[in-house]
Amino acid sequence: MTNPMIASARPTVLVVDDESSILESVRILLKGEGFAPHAAIGGRVARERLRELRPDLVVSDVRMPGVDGLQVLAAARAQG
C-alpha cells in the first residue's frame, strides 16, 4: 500500500534566473503542471536556496552576472 503523504508530495523545483519576469512565468507554468516551484533571482541567491530547499530539480538560466547557471548546477550536484 502506498503512503498517501508520499504519493501526494509534489516535486520541488528551484527556478533560477536574473530576470524576475522569466522567473514568474516559469514558476506559474511549473505550478500548473503539479510541481512545487521556488524562485531564486540570480546565482548567489540560488546557492543559498539550494542549501535550505534541497530541491528535486533545478532549472537555471546559464548566463547570469556573478554566479552563472553552470556554477549553480555544480553547487546542486555537489550537495547530492
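Definitions and cut-offs
- Residues numbered from 1 in each chain as written.
- Predicted model: local features only at pLDDT ≥ 70, side-chain atom pairs only at ≥ 80, totals over all residues.
- Heavy atoms only, no water.
- Buried < 20%, exposed > 50% of the residue type's maximum accessible area, 1.4 Å probe, protein only.
- Helix = DSSP H or I, 4+ residues; strand = E, 2+ residues; numbered from the N terminus.
- Right-handed = clockwise from strand over helix to strand, strands pointing away.
- Pairing = 2+ DSSP bridges.
- Patch = residues over 30% accessible without salt bridge, like charges linked within 9 Å, V, L, I, M, F, W, Y side chains within 5 Å.
- Areas by Shrake-Rupley, 256 points an atom, 1.4 Å probe, with all protein chains shown as cover.
- Salt bridge = Lys/Arg side-chain N within 4 Å of Asp/Glu carboxyl O.
- Lys, Arg positive; Asp, Glu negative; His and termini not counted.
- Contact = heavy atoms within 4.5 Å.
- Axes fitted to C-alpha atoms, helices over the stretch in contact; angles between N-to-C directions.
- Parallel < 35°, antiparallel > 145°, perpendicular 65-115°, else oblique.

1. Some thoughts on the pairing of strand β1 (residues 12–17)
And then number 1: The buried fraction of β1 is high, at five of six residues.
And then number 2: In this view, the connection linking β1 to its parallel neighbour strand β2 (residues 36–41) by way of helix α2 (residues 20–32) has right-handed handedness.
And then number 3: Direction of pairing for β1 relative to strand β3 (residues 57–60): parallel, over a ladder of four bridges. If you follow leucine 14 over to β3, its bridge partner there is valine 58.

2. A look at a nonpolar patch on the surface
And then number 1: Among the surface-exposed residues, Val62, Leu70 and Leu73 lie close enough to one another that they form a single nonpolar patch of about 260 Å² accessible area.
And then number 2: For leucine 70, the location among the structural elements is in helix α4 (residues 69–78).
And then number 3: The exposure class of leucine 70 is exposed, given its relative accessible area of 54%.

3. Let's talk about the pattern of salt bridges
And then number 1: Tallied over the entire structure, the rule returns two salt bridges.
And then number 2: In this structure, the salt-bridge partner of arginine 27 is glutamate 24, at a minimum N-O distance of 2.8 Å. Note that arginine 27 and glutamate 24 are positioned in helix α2 at a spacing of three residues, about one turn of the helix.
And then number 3: Overall, glutamate 24 belongs to the partly exposed group, its relative accessible area being 36%.
And then number 4: The partner of arginine 49 in a salt bridge is glutamate 52, with the nearest N and O atoms 2.9 Å apart. In this pair, arginine 49 and glutamate 52 are both assigned in helix α3 (residues 43–53), three residues apart and thus about one turn of the helix distant.

4. Thoughts on the side chain of aspartate 17
And then number 1: Relative to the helices and strands, aspartate 17 resides in strand β1.
And then number 2: Within the buried set, aspartate 17 has no salt-bridge partner at all; the shortest N-O distance to an opposite charge, 12 Å, is to arginine 63.
And then number 3: Each residue touching aspartate 17, except ones within four places of it in the same chain, is listed here: Ile22, Leu23, Ala40, Ile41, Gly42, Asp61 and Met64.

5. Focus on the packing of α3 against α4
And then number 1: The geometry of α3 relative to α4 is characterised by a closest axis approach of 9 Å and an angle of 10° between their N-to-C directions. Relative to α4, α3 is oriented roughly parallel. Side by side, α3 and α4 meet where Gly43, Ala46, Arg47 and Leu50 of the first sit next to Val72, Ala75 and Ala76 of the second.

Nothing here speaks to function; it is all geometry.
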